[in-house]
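These are the residues of each chain, in order.
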Amino acid sequence: MPSAAPFKRLPTDGGETLNIDIDGQPCAVDARWTVAAALIAHGRLACRRTADGQARGPFCLAGACFECRVTIDGIPGRQACLTPVAPDMKITFDDPPEDAA
Amino acid sequence: MKNVDVLIVGAGPAGLGAALSAHDFGLSVLVVDENPRAGGQIYRALQENPARGLGRILGADYLAGKPLLERFAASGVAHLPRARVWQIGHDNVAYLSALSPGPRPEPVKARFIVLATGAQERPFPLPGWTIPGAMTVGGAQILLKTAGLLPPDDTVLIGGGPLLYQFAWQIFQAGSRIQAIVDTRGPIASRPLFGHAISALRAPALLWRGMKLLAAPRRHGARRVRGAAAIRISGESRVDSVHYSLQGVEHTLETSAVLLHAGLMPEINFSSALGCAHFWNRQQHAWQAHCSIWRESSRPGLFIAGDAGGIAGAEAARLSGSIAALEIARQAGKIGAPERDERARPLFRRWRQQLAPRPFLDALYPPPPECFSPPDETIVCRCENVTAGEIRRAARLGASGPNQIKALTRAGMGPCQGRFCACVTAALAAQAAGLGLGEVAMPRGRFPLKPVTLEEIALSDADGLDV
Ligand SMILES: Cc1cc2nc3c(=O)[nH]c(=O)nc-3n(C[C@H](O)[C@H](O)[C@H](O)COP(=O)(O)OP(=O)(O)OC[C@H]3O[C@@H](n4cnc5c(N)ncnc54)[C@H](O)[C@@H]3O)c2cc1C
């Protein structure tokens, strides 16, 4: 599969940047972003799997669809689109065990 | 427990319009919204743009919200951001959960409640719409407004309607591009449309802008496909293509992102969970709460302002909020009926002007057929992975409405609580029974409206809960 084209960032107005950790990778993000924006800007469009193994990711970005649930600082099931980023935040993905597929 | 005269759910133009007017009459007001900033869908992040030049990119309609947001900020009206109302009890007590760390917000007892919860994008179930990289147009627009992020250059937009073309135009304004718009609009029934066009002529600025938006894709090198059928999205952990057929010939567009839009529907979860009377709006193909001209629902003291009470756009939303506040002020004894009527007259006049082009827009962009009758293999309930085929089977087995199909198939039982499937399930049930779309039971919202912890439920009035 050809690698997917990225979401692009407009020139920032110079707001603050902070560092978060996405799945073990350090990422610099705009302090005003949501976790969903941070994931998408870093090419992580898939953020969880359903019980039968389908990949899912942010869909409505408005708090309604609950597709963008991720684990934030150890708390699972948080809506990435409604959670602002914070310094040193750790985001991991809730994949079910292989045998759930 | 906190006591207020007026609780307003939603800080979009409708909620702010209602809040400012009610505050002017000396009523105590609290505005609650999930989002960190006031503004609702249209004016999202207007006071805190993350990118340079975003106001110009988003356009005049967006910037028009500035005075409203400034007046709200200066008014001193209490605003509780990042909080969600998840239940309204029979005694008009609203239960809230916080989306930010910190103390749980107290329940709020209100004499009057205004639901200004806005619209949601209509679910547009296509095969493959669950694959990461497929999002709603509104969602992508939220990324632009709140994060300054633009979709990839090879993005394909599918569907139709004013919001889709407006977003494409905003992408071009930002100096970016898209690959194609697959417009699902079928052949136009020209005679009724002509009639509506006459009334739409009362809003020439809107028509002019519409023409500008429709012409933009071609000028910016985006392909515009019309009359596509059998649209599907493919990919594994990321969208890689869109397929459609045009006069029997299969076409494929390789892409990294697909943005879907099939119009808006009122957010009726509160009003339906509260048992308010609703009707099927034939022009807008959606359920809508019955309201008086003052926006009061069939439940006394509960008002529904803005797009939550029928899709009419931002300016109409603001006006309807102010109109609701006039009747609230009358019921609260702040003004008499003559003063209410006197003040309402200019608001109603402007409100009607805003409504004039709606029938035309509604007729121009009816929901695509996939919204009511997706192919069997399509996942309809994203949360519980229930396909259209499974729902059709349950309907044939005699489940006579969306609420029974839900019990049989689990469609609508997931965390989104049917927001992205209930209207599709209802349509499939109607077809199986040979009924019209508005003739089956309306899918009902249930409290808690969004998932809450057991602790939150324990601390609330569990009697009013329907779990
Ligand atoms: C995704 C999307 C994008 C849109 N973009 C545009 C646009 O760019 N231009 C345009 O003209 N129109 C747009 N619209 C149409 C829009 O509905 C109207 O223009 C206008 O914003 C309606 O105003 P409103 O006050 O009725 O609702 P909204 O502006 O939608 O405000 C409703 C508010 O209620 C809040 N809310 C809902 N439920 C709860 C709850 N349970 N607890 C707490 N808060 C809650 C929401 O967070 C939201 O802020 C968009 C609609 C959608 C759905």
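## Re the nonpolar core
I20(A), V35(A), L39(A), V70(A), I91(A), V6(B) and I8(B) are the most contacted members of the largest nonpolar core, which has 107 residues in total. By residue number, the principal contributor to this core is helix 10 (residues 314–331) of chain B, which donates 10 residues. Lining this core are residues from two domains, each supplying at least three of them: domain 1 (2–121 + 265–359) and domain 2 (134–259) of chain B. Leaving out residues up to four positions away in the same chain, V70(A) has contacts with V35(A), L39(A), C47(A), I75(A), P76(A), G77(A), R78(A), A80(A), I91(A), T92(A), F93(A) and D94(A). By size, the runner-up hydrophobic cluster in this structure holds 29 residues, among which are W129(B), V182(B), V242(B) and V258(B).

## Section: the site of the ligand
Residue and element names in this part refer to chain B. For the ligand, the set of nearby residues contains 34 residues, the closest of which are A14, D33, Q41, Q141 and D307. Within the backbone of E34, a nitrogen or oxygen atom sits 3.2 Å from a nitrogen atom of the ligand. Summarising the interface, the protein chains cover 92% of the accessible area of the ligand, which totals 960 Å² for the free molecule. Counting only elements with at least two residues in the shell around the ligand, the list comes to helix 1 (13–24), strand 4 (83–88), strand 7 (119–121), helix 5 (137–147), helix 6 (162–173) and helix 10.

## A look at the domain arrangement of chain B
Residues and elements named next belong to chain B. Structurally, chain B comprises domain 1 (2–121 + 265–359), domain 2 (134–259) and domain 3 (372–439). Computed over C-alpha atoms, the centres of domain 1 and domain 2 are 29 Å apart. In this complex, domain 1 contributes 20 residues to the contact, which on the side of domain 2 involves 22 residues. Contact between domain 1 and domain 2 buries roughly 1,700 Å² in total, counting both sides, with carbon and sulfur atoms accounting for 60%. Here domain 1 and domain 2 share 1 salt bridge between them. For D61, the salt bridge goes to R209, with nearest N and O atoms at 2.7 Å. Scanning the region where domain 1 abuts domain 2 turns up 7 residue pairs in polar contact (both at pLDDT 80 or more). Every element with two or more residues in the side of domain 1 that touches domain 2 is listed here: helix 2 (54–58), helix 3 (60–63) and helix 11 (337–355). Of the residues forming the side of domain 1 that touches domain 2, the biggest block, 4 residues, is contributed by helix 2.

## Overview of unusual backbone geometry
All names here are of chain B. F447 connects to P448 through a cis peptide bond whose omega is -5°. Mapped onto the secondary structure, P448 falls in the loop between helix 15 (422–432) and helix 16 (454–459). At N92, a residue that is not glycine, the phi angle is positive and equals roughly 60°. Checked against the element boundaries, N92 lands in the loop between strand 4 and strand 5 (93–98). Residue N92 is classed as buried on the basis of its relative accessible area of 11%. The backbone of A230 shows a phi angle near 50°, a positive value even though the residue is not glycine. Within the element layout of this structure, A230 appears in strand 13 (residues 229–235).

## Quick look at the packing of helix 13 (residues 388–396) of chain B against helix 15 of chain B
All names here are of chain B. Two elements in contact, helix 13 and helix 15, have axes separated by 9 Å at closest approach and are oriented at 45°. By the angle class used here, helix 13 and helix 15 are oblique. Here the hand of the crossing between helix 13 and helix 15 comes out right-handed. Residue-level contacts link A388, I391, R392 and A395 of helix 13 to T425, L428, A429 and A432 of helix 15. The residue makeup of the contact of helix 13 with helix 15, split by class, is 6 nonpolar, 1 polar and 1 charged.

## What to know about helix 15 of chain B
All names here are of chain B. Among the 11 residues in helix 15, 8 count as buried, and that is most of the element. Inspection of helix 15 places A422, V424, T425, A426, A427, L428, A429 and A430 among the buried residues, and these make up the whole buried set. Here the buried face of helix 15 lies against strand 21 (379–381), helix 13 and helix 14 (402–409).

What counts, and where the lines are drawn
Residues numbered from 1 in each chain as written. Chains lettered and ligands numbered in written order. Predicted model: local features only at pLDDT ≥ 70, side-chain atom pairs only at ≥ 80, totals over all residues. Heavy atoms only, no water. Core = buried A, V, L, I, M, F, W, Y, C linked by side-chain atoms within 4.5 Å. Buried < 20%, exposed > 50% of the residue type's maximum accessible area, 1.4 Å probe, protein only. Helix = DSSP H or I, 4+ residues; strand = E, 2+ residues; numbered from the N terminus. Domains from an automatic or database assignment. Contact = heavy atoms within 4.5 Å. Near = heavy atom within 4 Å. Polar contact = N/O pair within 3.5 Å; in protein donor to acceptor, adjacent residues only side chain to side chain. Areas by Shrake-Rupley, 256 points an atom, 1.4 Å probe, with all protein chains shown as cover. Buried area = accessible area lost by both parts, 1.4 Å probe. Salt bridge = Lys/Arg side-chain N within 4 Å of Asp/Glu carboxyl O. Axes fitted to C-alpha atoms, helices over the stretch in contact; angles between N-to-C directions. Parallel < 35°, antiparallel > 145°, perpendicular 65-115°, else oblique. Left-handed = near helix turned anticlockwise from the far one by under 90°. Nonpolar A, V, L, I, M, F, W, Y, C, P; charged D, E, K, R; others polar.

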